[in-house]
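Fold and geometry: a report
One-letter residues, chain by chain:
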Amino acid sequence: MPVGTVASVKGVSQDILEDLGVQILLGNTYHLYLRPGVEQVRKLGGLHKFMSWPRAILTDSGGFQVFSLNELRKVTEDGVTFRSHLDGSSHVFTPESAMAAQIGLGADIIMAFDECTEHPADHARMRQSMELTLRWAERSKKYFEEHKHEVPWAPQNEQEKQIPRSARNDKSYSISGSTPGGPISEGAKQSLFGIVQGGMDLALRKESAERTIEIGFPGYAIGGLSVGEPRALTREVVESTIQHLPADKPRYLMGVGTPEEIVEYAKLGIDMMDCVLPTRAARHGLLFTSEGKISIKQARYIGDKGPLDPKCGCKVCARYSRAYLRHLYASNEVLAQVLNTVHNLSFYLDTMRAVRHSIALG
Ligand SMILES: [Zn+2]
């Protein structure tokens, strides 16, 4: 899932994302709540209509951004008080208000409100944080069940209930024949996923997974990773935790990773991942290729007539030379960010297409 933080994948328009084959993208509740505001998006018909994106969207609960952008946050049983990074104003997220925000934004998949445990943390702190996340998961689900009909694209009648949101909004989506995403009625609703926490403690991760499953969600995420721990530890926690999550429901690893890592995690059984890396790195001139990572700003590319990646089928590699991309970057042209992002997203999506192909071949 490419990351579209404020309802925009930075530098790339929605028609290009469609051409690249993006099926789902991620929006950040924290950012959209602060600007333009949930009520504004809701009045405009929800995120899909607002940003003209008929395909699937997932929003996070806002918990991670509050954790990563707010050093002055205050966590209580009820929720989190934090200050806006835009104007310093004070706000509160509770499981209930985070659900209300995500229902109002109207993504297809929304996330339970959790506390992302900091790293390092001692055992008592990891347990206390995990218990809080479990209580918040129950409150998230309760509020969601009572209010899910308030989603901006809620079906208006019995007939519409049978048609997934994506089919009602996306003209390219075929209702008959090969319908991606399983039985049609499944898609008519917003889905709330649970999040497993437990810090870096494998026993707590197991307990968190089991108790989150007891609460019951249509999909499960592994949260609280990529918070500064070494990569080997991330992998160990994922490998251990995923064994406790049902294989017949989507398993989502939040906030990873490099192209090598996403292949590795897919091998472990992860179905969904999101990361700012392909888009953020692109804006800094770091490009992922079949020959490894390239820093296009380097002087060695000044006269390089070759394509960025000879094995890549994207429109950037088909048309432009490394020399031209290097020149655009050195000249600080907006086009450099656009073209670099298109290539990196294409490389990531190709990586996942190859993963799916391998799975199909057994
Ligand atoms: Zn390319």
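What counts, and at which threshold
- Residues numbered from 1 in each chain as written.
- Predicted model: local features only at pLDDT ≥ 70, side-chain atom pairs only at ≥ 80, totals over all residues.
- Heavy atoms only, no water.
- Pairing = 2+ DSSP bridges.
- Helix = DSSP H or I, 4+ residues; strand = E, 2+ residues; numbered from the N terminus.
- Contact = heavy atoms within 4.5 Å.
- Axes fitted to C-alpha atoms, helices over the stretch in contact; angles between N-to-C directions.
- Buried < 20%, exposed > 50% of the residue type's maximum accessible area, 1.4 Å probe, protein only.
- Salt bridge = Lys/Arg side-chain N within 4 Å of Asp/Glu carboxyl O.
- Expected span 1.5 Å × (residues − 1).
- Donors = N, O, S within 2.8 Å, 3.2 Å for Na, K, Ca; no water.
- Tetrahedral: all angles 85-135°; square planar, octahedral: opposite > 155°, others 65-115°.
- pLDDT = per-residue confidence, 0-100.
- Parallel < 35°, antiparallel > 145°, perpendicular 65-115°, else oblique.

Let us look at the sheet that holds strand β6 (residues 109–111). Ordered in space as β1-β2-β6-β7-β8-β9-β10, the seven strands form an open sheet in which the pairing is parallel. Of all the strands in the sheet, the pair left with one neighbour each is β1 (24–27) and β10 (272–273). As judged from the three bridges shared by β6 and strand β7 (residues 191–196), these two strands associate in the parallel manner. Across the sheet, the residue bridging to Ile-110 is Leu-192, located in β7. Set on the sheet, helix α10 (residues 202–215) makes contact with β7 and β8 (220–222); between it and β7 the angle comes to about 155°.

Across the two faces of β1 the burial is the same, with Ile-24 and Leu-26 and Leu-25 and Gly-27 all buried. Two strands pair when backbone bridges link them, and β1 and strand β2 (residues 56–59) are joined in this way by four bridges, in the parallel orientation. Residue Ile-24 lies in a different strand from β2, and its bridge partner there is Ala-56.

Take the pattern of salt bridges next. Tallying each qualifying case throughout the model produces 21 salt bridges. Note that Lys-206 and Glu-210 form a salt bridge whose closest N and O atoms lie 3.1 Å from each other. Residue Lys-206 and its partner Glu-210 are located together in helix α10, separated by four residues, close to a single helical turn. We note a salt bridge from Glu-239 to Arg-235, for which the minimum N-O separation is 3.4 Å. Here Glu-239 pairs with Arg-235, and both are found in helix α11 (residues 231–242), just four residues apart, close to one helical turn.

With 27 residues, helix α16 (residues 334–360) should cover 39 Å at 1.5 Å per step; its first-to-last C-alpha distance of 39 Å lies within 8% of that length. Positive backbone phi, approximately 85°, marks Gly-362, located one or two places after α16.

Moving on to the coordination of the zinc ion. Distances from the zinc ion to its protein donors, Cys-312 (SG), Cys-314 (SG), Cys-317 (SG) and His-343 (ND1), fall within 2.1 to 2.3 Å. Every donor counted, the four donor atoms about the zinc ion form angles of 97 to 118° at the centre, which fits tetrahedral coordination. Site description for the zinc ion: donor spacing in sequence, C-x1-C-x2-C-x25-H.

Taken residue by residue, the protein chain gives an average pLDDT of 93. The fraction at 70 or more is 95%. The low-confidence segment residues 174–185, where pLDDT is below 50, has 12 contacts with residues more than four positions distant or belonging to other chains.

To continue, consider the packing of helix α7 (residues 123–147) against α10. Helix-helix packing is characterised by the crossing angle of the two axes and by the distance between the axes. It is the contact of α7 with α10, at a shortest axis distance of 10 Å, that shows an interaxial angle of 10°. By the angle between their directions, the pair α7 and α10 is classed as roughly parallel. Residues His-123, Met-126, Arg-127, Met-130, Glu-131, Leu-134, Ala-137, Glu-138 and Lys-141 of α7 pack against Leu-204, Glu-207, Ser-208, Arg-211, Thr-212 and Ile-215 of α10.

What follows deals with unusual backbone geometry. Omega for the peptide link from Arg-35 to Pro-36 comes to 10°, which places this bond in the cis form. With respect to the secondary-structure elements, Pro-36 resides in the loop between α2 (29–34) and α3 (38–43). With an omega dihedral of 0°, the bond running from His-119 to Pro-120 counts as a cis peptide bond. Locating Pro-120 in the fold gives a position in the loop between β6 and α7. One non-glycine residue, Ser-226, lies in the positive phi region at around 55°. Following the sequence through the fold, Ser-226 ends up in the loop between β8 and α11. Under the relative-accessibility criterion, Ser-226 is labelled partly exposed at 24%. Phi is positive for Asn-332, close to 60°, though the residue is something other than glycine.

All right, on to the side chain of Thr-5 then. Inspection of the secondary structure assignment puts Thr-5 in the segment before α1 (14–20). Residue classification places Thr-5 among the buried residues on the basis of a relative accessible area of 15%.

Moving on: the sheet that holds strand β3 (residues 74–75). With antiparallel pairing, three strands are arranged side by side in an open sheet as β3-β4-β5. Two strands close off the open sheet at either side, each with one partner strand: β3 and β5 (90–93). In terms of strand pairing, strand β4 (residues 80–83) meets β5 through four bridges, oriented antiparallel. Looking at the pairing, Phe-82 lines up with His-91 of β5.

What follows covers the environment of Leu-335. Here Leu-335 lies in helix α16. Separated by 324 residues in sequence, Leu-335 and Gly-11 have C-alpha atoms that sit 8.6 Å apart. Setting aside residues up to four positions removed in sequence, Leu-335 forms contacts with Tyr-324 and Leu-328.

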